[in-house]
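Results of the structural survey
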Amino acid sequence: MVSTIFSYFFENSTKPQTVGIETLIKQINNEEVSEIIISGNNILTTLKDSTREKTLKESNESFSTLLSNYNVDPAKATAIKISVKEDTAWDYFLINILPFLLPFILVGFFLFFMMRGVSGANSKAMSFGQAAAKDVKLDKKNRTTFKDVAGAKEAKEELKEIVEFLKFPKKFHDLGAKIPRGVLLLGAPGTGKTLLARSVSGEAQVPFFHMSGSEFVEMFVGVGASRVRSLFEKAKKNSPCIIFIDEIDAVGRRRGSGLGGSHDEREQTLNQILVEMDGFEPTQNVIVIAATNRPDVLDPALLRPGRFDRRVIIDLPDLQDREDILHVHARQKPLAKEVDLKKIAQRTAGFSGADLANILNEAAILAARENRKEIINEDLFEAIEKVMIGPERKNRIITEKEKKITAYHEAGHALVSHFLPNTDPVHKVSIISRGAAGGYTLQAASEDKHFHPKSEFISDLAVLLAGHLTEKTIFGEVTTGATSDLRRATALARSLVTDYGMSDNLGPRTYGEKEEMIFLGREIHEQRDYSEKVAEKIDEEIANFIKQGEQKAQAIIDGQRDKLELIANTLLEKETIEKEEFEEMMGPKPQA
Ligand code: ADP
Ligand code: MG
Ligand code: ZN
């Protein structure tokens, strides 16, 4: 295109005009021609007035024969300067060979680029084996430190030691102490394992290689193992440093179990990790921190001394820890004066650090939506319920009849819960639908509990069944609204029998070995270690526990009918009853 445009504008002016042979002969006869250049079949003529012309002749006829054929006076011809220009090799090439060659050249280019693309992909495949570890650069200003982790005192205590090792390795070497190679952080999801690992590297100010267990395993077989190798290689070069393998259960599962093809790859990866951890020289100052929430599925070889010999267990935060975590996350958020984070901590028994962070965030969003400048108590309470049960669904249309059923159902839960001595106090009863629930009764433990006696479980069963029983008592029939209550009650009763050994008839033993098998996703497979006969007994015992709960609940529903009506009617009128009001209506809760 460029050459076309170029020749159009530029050459047009100087381009010789093409004329016929007879014109040329006439011009020669008139002695107008000063010079003629013959180049192949082209006759280029320059006239005396220096205009240029071009004439074509037949290819097999020479210029001299042409002149004689047209009877040109030889004297006139000799007066003209005639020169013959031979076709250069280049011209010949362009005209004769290029047309044949061009397709080949094009195909060649095409192939070349294709090969380049392929080899690019190839070299990518080769670098697959390289660890994609995120090397967290030491950011002196924004580094995570132990200050960012609230609570988890024991875990921090243990990890402070690791920081010491990394900072002053000589102190320990001089005394002949071996630096631990691996630390395993165990804890429920969201308890701050990743955060703690980060804070260790921040405190020690050493590089931090972060890789998650699932990143080792990819499409190609053998990638995992080679990634492990390259990760450790990288780490050794950067020592002292920390390798952090998050969610190690993805590769560290007990070997030799499970179905499907991927576990071979996992085993190789795990083997490589074991080999690498053994291969450290004690002076290399590389510490491997791994985190998991499934210690039960880990391969025992990972846990033996010399590998992850330190195990740090991170519990769900207790009351004080929850308050501290809330304070950490409230740093950047303007809270109203009335807000007492202790109260929030009390309402959030069993919440993890991540849940608490989420609550503050949700509360901030709620406050912003209402165009407030501060977060108030209501935002926080609303956020707790949103995180616990799901978002409020005020616009869900329910009939009067459904509303009435829900009111009695929830009143039943609340009533039974209140009049049983060993249950958690009722915090709130509501018939506003939230998430999947039509209504809800919130109970919150006033203190953290670690052990649960059997009587408490029976009471829990009673509370779970209360909704269903109340519906039956008041309306004479039951609805589908109690489905999830029943499911939970059945699961709880089953656990009492098969896991906790709380059935008197079946004795103190567990039934069934739970084994997790990965096959087409996640699946818990229960291995039966009991006979058919016992299976029948287990079912009987489960029914038995349910019956006990039912009787307890029914007694309260029948005995406190007026209170039940009171709660239900209040709910129908106000939709929600808060703790204080509820306790005023019910009187004191019987003590255990
Ligand atoms: P996991 O144990 O699942 O790895 P993370 O470490 O990723 O959990 O924690 C998720 C988030 O929860 C953190 O980013 C942090 O905001 C919050 N969090 C958890 N525990 C704490 C804690 N003890 N102190 C402060 N924040 C915490
Ligand atoms: Mg994590
Ligand atoms: Zn219910």
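Let me sum up the structure you'll find in this document. (Residues numbered from 1 in each chain as written. Chains lettered and ligands numbered in written order. Predicted model: local features only at pLDDT ≥ 70, side-chain atom pairs only at ≥ 80, totals over all residues. Heavy atoms only, no water.)

**Here's the deal with the overall build of the protein**
- When its secondary structure is counted, the protein shows 22 helices and 16 strands.
- Long-range contacts, defined here as pairs at least 24 residues apart, represent 72% of the contacts in the protein between residues at least 6 apart.
- Carbon and sulfur atoms provide 55% of the accessible area of the protein, an area that totals close to 32900 Å². (Helix = DSSP H or I, 4+ residues; strand = E, 2+ residues; numbered from the N terminus. Contact = heavy atoms within 4.5 Å. Areas by Shrake-Rupley, 256 points an atom, 1.4 Å probe, with all protein chains shown as cover.)

**As for the site of ligand 1**
- Surveying the vicinity of ligand 1 reveals 14 residues, the closest of which are Ala150, Gly190, Lys193, Thr194 and His329.
- Here an oxygen atom of ligand 1 and a side-chain polar atom of Thr194 are 2.6 Å apart.
- One of the backbone N or O atoms of Ala354 is found 3.3 Å from an oxygen atom in ligand 1.
- Relative to its unbound accessible surface of 550 Å², ligand 1 loses 80% to contact with the protein.
- Elements with a contribution of two residues or more to the shell around ligand 1: α8 (193-204), α13 (319-329) and α15 (353-369).
- The leading source of residues in the shell around ligand 1 is α8, at three residues.
- Here the shell around ligand 1 is built from residues that sort into six nonpolar, six polar and two charged.
- Mapping the shell around ligand 1 onto the domain boundaries places at least three of its residues in each of domain 2 (134-314) and domain 3 (319-388). (Near = heavy atom within 4 Å. Polar contact = N/O pair within 3.5 Å; in protein donor to acceptor, adjacent residues only side chain to side chain. Nonpolar A, V, L, I, M, F, W, Y, C, P; charged D, E, K, R; others polar. Domains from an automatic or database assignment.)

**Quick notes on the sheet that holds strand β12 (residues 426-430)**
- Ordered in space as β13-β12-β16, the three strands form an open sheet in which the pairing is antiparallel. Two strands lie at the open edges of the sheet, namely β13 (440-443) and β16 (576-578), each paired on one side alone. On average, adjacent strands in this sheet sit at an angle of 10 degrees to one another, irrespective of strand direction.
- With four bridges joining them, β12 and β13 adopt antiparallel strand pairing. Its bridge partner being in β13, Val426 is matched across the sheet by Gln443.
- Contacts from helix α21 (residues 561-574) reach β12 and β16 within the one sheet, and its direction differs from that of β16 by about 115 degrees. (Pairing = 2+ DSSP bridges. Axes fitted to C-alpha atoms, helices over the stretch in contact; angles between N-to-C directions.)

**A short note on a nonpolar patch on the surface**
- Residues Tyr92, Ile97, Leu101, Leu102, Phe104, Ile105, Leu106, Phe109, Phe112 and Phe113 make up a contiguous nonpolar surface patch of about 1000 Å² in total accessible area.
- Within the secondary structure, Tyr92 sits in helix α5 (residues 89-127). (Patch = residues over 30% accessible without salt bridge, like charges linked within 9 Å, V, L, I, M, F, W, Y side chains within 5 Å. Salt bridge = Lys/Arg side-chain N within 4 Å of Asp/Glu carboxyl O.)

**Some details on unusual backbone geometry**
- Residues other than glycine seldom take positive phi values, yet Glu31 does so here, at roughly 55 degrees.
- Of note, Glu31 is situated in the loop between α2 (21-29) and β2 (33-39).
- With a phi close to 55 degrees, Asn371 is a non-glycine residue in the positive phi region.
- Its place among the elements puts Asn371 in the loop between α15 and α16 (377-388).
- Here Asn371 falls in the exposed class, since its relative accessible area comes to 67%. (Buried < 20%, exposed > 50% of the residue type's maximum accessible area, 1.4 Å probe, protein only.)

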